[in-house]
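Chains, contacts and geometry: an overview
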Amino acid sequence: MSSTIGAEVLTQGTGYGVVLGIGFVFAIIMMGLSTLQNRYTTYKISTSEEFNTASRSVKPGLIASGIVSAWTWAATLLQSSTVTYEYGLCAGYYYAAGATIQIFVMAILAVRVKQIAPYCHTFLEIVHARYGNTAHFMFATFGLVVNLIVSSMLLLGGSAVVNAFTGMNIYAANFLIPLGVCIYVILGGLRATFLCDYSHTLILMILIFYFFFWTYTKADLVGGFEGMYNLLQQASIERPVAGNQDGSYLTLKSNYGLTFMIIQITGGFGTVMLDQGYWQRAIASEARTAVRAYLMGGIAWFAVPLTFSSIMGLAAVALANNPSFPYPGGLTAAEINAGLAAPAGVVTLLGSGGAAAMLILLFMAVTSAASSEMIATSSILTFDLYQIHFNPDASPEALIRVSHIMVAVWALVMSCVASLWIGIGVSLNWLFLFSGTLFTGAVGPVIFSVVWRQQTKEAAISGALGGVVVGIIAWLTVAKTYYGELTIATTGLMYPNLAGNLGACCSGAIISAVITLIKPDNEFDWSATKRINLRAREMDRKKGTLSDSASGSAPNSPVEKEKQEIAMVDVASAKDDITIDIPAEEYAELQKSLKIATWSSLTLIFIVLFLIPIPMFLSHYVFSLNFFRGWIIICVMWLFVAAGITSILPLWESRAAIKNIFLGMVRDIFGGKARRGAIASSSTDA
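Residues numbered from 1 in each chain as written. Predicted model: local features only at pLDDT ≥ 70, side-chain atom pairs only at ≥ 80, totals over all residues. Heavy atoms only, no water.

1. Overview of the overall build of the protein chain
Of the regular secondary structure elements, the protein chain holds 28 helices and 0 strands. In the protein chain, of all internal contacts separated by at least 6 residues, the share reaching a separation of at least 24 is 85%. (Helix = DSSP H or I, 4+ residues; strand = E, 2+ residues; numbered from the N terminus. Contact = heavy atoms within 4.5 Å.)

In structure tokens:
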């Protein structure tokens, strides 16, 4: 483990205070929000549909904010700055571009889910409806592996920074960070994670703006845009970057940077397409706004690693030889692998105050993404394992109870696995680069399961397993061939992981496509996926009837109401009588949304992957001072757009609900006083 004593500018008490205090503050806030939601809205968190899918009614601004929050891991801030420290300014762009296109692709898949399985809880339910138990169990394993690696990476990065800044025991941090998150997820369900995502993203934006304006307008060590440019030019002379044009930190012509982007693209497809958290947002969104939500989320998230790495990643490069830099002579390989470039830059520029801000920023990133992982994994364990394989007729109370238990179990599991990585010497950087080799073979088959009617069960299973085998063979072969030995160090280098990630991702899709083309399934018509969760479909249809019959009677509890709704559904007859086809008008609207999503996503992918970086890479251009200044200004302007999408738009969209809650509280407060006065008056008269 790397030595972090150089950045230890806060006390252990501060570390424990942030980890425990902020977590429990959010838990208390969540209790209050859940109470308001239950009291003043029609959405009750004690129902299983609301807990796991937010009643499929979340507006696009809040979905976009949730996407930014869920995709902003500790690794987003730490790793983007680390690769910037290693490869220069280009790496922040390559990090952002390589991990944004998956969100754009999810815009397409979000519409497809609304078309083929509008009432599903998880993408794995689609796999089960198409291919049966064997394929379902295998892809559920892939999904859980992704959730496990992502969850442990969150803690790996977060605990490393807490340990670096405060000296807090790194194993204690691994177990205490998820504690508050676990509590507020159990209290509030999926909608709670969206509300906390919003608050986390708001704090994230404020702190990144603070770091930007301090670094480029106030910091004497930097000296503004011109000072930063000159320091980076000097760093290029003293520590030239291998594979970059003229060894410069100020160019997009970077061989290793471009290689990193390819790894980021393939690995990112695995961590998005196989992570239930991203499908959960598609399921929770309103059908007519799902595309807008994902496109806005991708555009907004792009600005986060791009801007943050252009601040703290470049600051760490520029100030590595400054006497104030906490690691004399620059970061060692172990400190780079631990993701300490951004913390080092923050401490150099802002001292203990900056360290506290960075600690809060990283804690927000870790806890918001962790909440998404907890609710996503809980959905898989509850609906794809418990309900499908153990208790198909589970009651709403049982589903809620199991969901709560699984959230708590997952908090413990992710803590144990993160501690295991630390114990065996696996760094955040190693795990980040390698992870795609392990699971991206399943990406092609999963996408085909949603968009390709003819894919067969054999093709899906063979593609996923074959991809893993090819990826691991390529990874180990390249490591042995290039470096002569197989160690944690050699298997964590760039070229072995490029081979492993590309081999797994491409071969999985190719194997599945070839087998399907040889013997396609020409009989499948999506009716099986449309029948997923008939109970919820019929409950929606019966709500009007239930409301009419219940008028004038005493209100039931949410769970009793859900039971009453379920009792009205004759499941036996439903299999034959319920109309599973989407109404013609709604289907036409979804088809239109699908076309918009496809063309918009392809256009944005072309811009960020080809139109901007490739000409600059091929021209071998090294930034001038004016170009550098313009680049940084565009980054921060993009961040302002992102802040508008994630912080202002959700409030505007929810203005009616906020008004109703406020008026309801006023009525309760002042109406209660009036009633108490009337009771007191009548008692006096008597």
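2. Describing helix H14 (residues 341-390)
If you check H14, its first and last C-alpha atoms are just 47 Å apart, much less than what 50 residues at 1.5 Å a residue would give, namely 74 Å. In the structure, H14 departs most strongly from a straight axis at leucine 350, where the bend amounts to approximately 135°. When you tally the buried positions in H14, you get 41 out of 50 residues, the bulk of the element. (Expected span 1.5 Å × (residues − 1). Bend = angle between axes of the 7 residues up to and from the residue. Buried < 20%, exposed > 50% of the residue type's maximum accessible area, 1.4 Å probe, protein only.)

3. Looking at empty space enclosed by the protein
Inspection of the entire model under this criterion finds 3 cavities of 30 Å³ or more. Considered as a void within the structure, the largest cavity measures approximately 140 Å³ in volume. What lines the largest cavity is a set of 16 residues, among which Trp73, Gln264, Gly268, Thr271 and Phe432 lie closest to the centre. Among the secondary structure elements, those contributing two or more residues to the lining of the largest cavity are helix H5 (89-116), helix H10 (255-273) and helix H16 (428-439). Of the residues belonging to the lining of the largest cavity, the class tally is 9 nonpolar, 7 polar and no charged. A volume near 50 Å³ is recorded for the second largest cavity. (1 Å grid on protein atoms, 1.4 Å probe; cavity = no way out; pocket = protein on both sides within 12 Å on 5 of 7 lines; lining within 4 Å. Points joined across faces, edges and corners; volume = space filled by probe spheres on them. Nonpolar A, V, L, I, M, F, W, Y, C, P; charged D, E, K, R; others polar.)

4. A closer look at the nonpolar core
Grouped together as the largest cluster of nonpolar side chains are 206 residues, with contacts concentrated most on Phe139, Phe211, Met358, Phe628 and Trp631. Top contributing element to this core by residue count: H14, with 24 residues. Ignoring anything within four residues of it in the chain, the contact list for methionine 358 reads Leu78, Phe165, Phe211, Phe308, Ala342, Pro343 and Val346. (Core = buried A, V, L, I, M, F, W, Y, C linked by side-chain atoms within 4.5 Å.)

5. Observations concerning a nonpolar patch on the surface
Where nonpolar side chains cluster on the molecular surface, the patch consists of Tyr482, Tyr483 and Leu493 and spans about 300 Å² of accessible area. The residue leucine 493 is located in the loop between helix H19 (488-491) and helix H20 (494-518) in this model. (Patch = residues over 30% accessible without salt bridge, like charges linked within 9 Å, V, L, I, M, F, W, Y side chains within 5 Å. Areas by Shrake-Rupley, 256 points an atom, 1.4 Å probe, with all protein chains shown as cover. Salt bridge = Lys/Arg side-chain N within 4 Å of Asp/Glu carboxyl O.)

6. A look at unusual backbone geometry
The residue aspartate 246 is not glycine, and still its phi comes out positive at about 55°. Within the fold, aspartate 246 resides in the loop between helix H9 (224-238) and H10.

7. Observations regarding the packing of aromatic side chains
Applying the stated criterion across every chain, the model contains 36 aromatic pairs. Here phenylalanine 209 and phenylalanine 640 contribute two aromatic rings whose centre-to-centre distance is 4.4 Å and whose plane-to-plane angle is 35°, an arrangement assigned as tilted. Here phenylalanine 640 lies in helix H27 (residues 625-653) and phenylalanine 209 lies in helix H8 (residues 170-218), a separation of 431 residues in the sequence. On the numbers, 4.6 Å between centres and 15° between planes, the contact of phenylalanine 302 with tryptophan 638 is stacked. One end of the pair, phenylalanine 302, is in helix H12 (residues 290-318); the other, tryptophan 638, is in helix H27, with 336 residues separating them in the sequence. A residue is classified by how much of its surface remains accessible, and tryptophan 638, at 24% relative accessible area, is partly exposed. Clustering of aromatic rings is evident, with ring pairs tying together Tyr93, Tyr94, Phe302, Tyr621, Phe623, Phe627, Trp631 and Trp638. Its end group placed over the ring of tryptophan 526, arginine 112 keeps NZ or CZ at 5.1 Å from the ring centre. Positioned above the aromatic ring of phenylalanine 524 is the side chain of arginine 130, whose terminal nitrogen or guanidinium carbon lies 4.4 Å from the ring centre. (Phe/Tyr/Trp six-rings, centres within 6.5 Å; stacked < 30°, edge-to-face > 60°. Lys NZ or Arg CZ within 6 Å of the ring centre and 35° of its normal.)

8. A word on the side chain of glutamine 102
Note that glutamine 102 resides in helix H5. One polar contact links the side chain of glutamine 102 to the main-chain carbonyl oxygen of glycine 98, over a distance of 2.9 Å. With near-sequence residues (within four places) excluded, glutamine 102 lies in contact with Gln264, Ile265, Gly268, Phe269, Val272 and Met273. (Polar contact = N/O pair within 3.5 Å; in protein donor to acceptor, adjacent residues only side chain to side chain.)

9. Details of the environment of threonine 84
For threonine 84, the position within the fold is in helix H4 (residues 74-87). When the C-alpha atoms of threonine 84 and tyrosine 95 are compared, they prove to be 9.1 Å apart, with 11 residues separating the residues in sequence. For threonine 84, the contacting residues outside a window of four places in its chain are Leu89, Ala91, Gly92, Tyr249, Ser309, Gly313, Leu314 and Val317. Here the side chain of threonine 84 touches glycine 92 through a polar contact of 3.4 Å, landing on its backbone nitrogen.

10. A closer look at the confidence of the model for the protein chain
On average, residues of the protein chain score 82 in pLDDT, and 83% of them are at 70 or above. For the stretch residues 544-555, pLDDT sits under 50, and the model shows 5 contacts to residues farther than four places along the chain or on other chains. (pLDDT = per-residue confidence, 0-100.)

11. Some remarks on the environment of phenylalanine 363
Inspection of the secondary structure puts phenylalanine 363 in helix H14. A relative accessible area of 4% means that phenylalanine 363 is categorised as buried.

12. Re the environment of histidine 200
Assignment of secondary structure puts histidine 200 in helix H8. Sequence-distant contacts of histidine 200, that is, excluding residues within four places in its chain, are made with Phe26, Ser69, Tyr184, Met364, Thr367 and Ser368.

13. Things to note about the packing of helix H18 (residues 457-483) against H20
Orientation of H18 relative to H20, taken along the N-to-C sense of each, is 155°, at an axis distance of 7 Å. Judged on the interaxial angle alone, H20 and H18 are roughly antiparallel. Seen along the crossing, H18 lies across H20 with a hand that is right-handed. Looking at the contact of H18 with H20, its residues break down into 15 nonpolar, 12 polar and 1 charged. (Axes fitted to C-alpha atoms, helices over the stretch in contact; angles between N-to-C directions. Parallel < 35°, antiparallel > 145°, perpendicular 65-115°, else oblique. Left-handed = near helix turned anticlockwise from the far one by under 90°.)

14. Comments concerning the packing of H4 against H12
Running from N to C, H4 and H12 point in directions that differ by 50°, and their axes come no closer than 8 Å. Taken together, the axes of H4 and H12 are oblique relative to one another. Between H4 and H12 lies a crossing of right-handed hand. Two secondary-structure elements touch here, H4 through Thr76, Leu77, Ser80, Ser81, Thr84 and Tyr85 and H12 through Trp301, Val304, Pro305, Phe308, Ser309, Met312, Gly313, Leu314, Ala316 and Val317. When grouped by side-chain class, the residues that make up the contact of H4 with H12 number 10 nonpolar, 6 polar and no charged.

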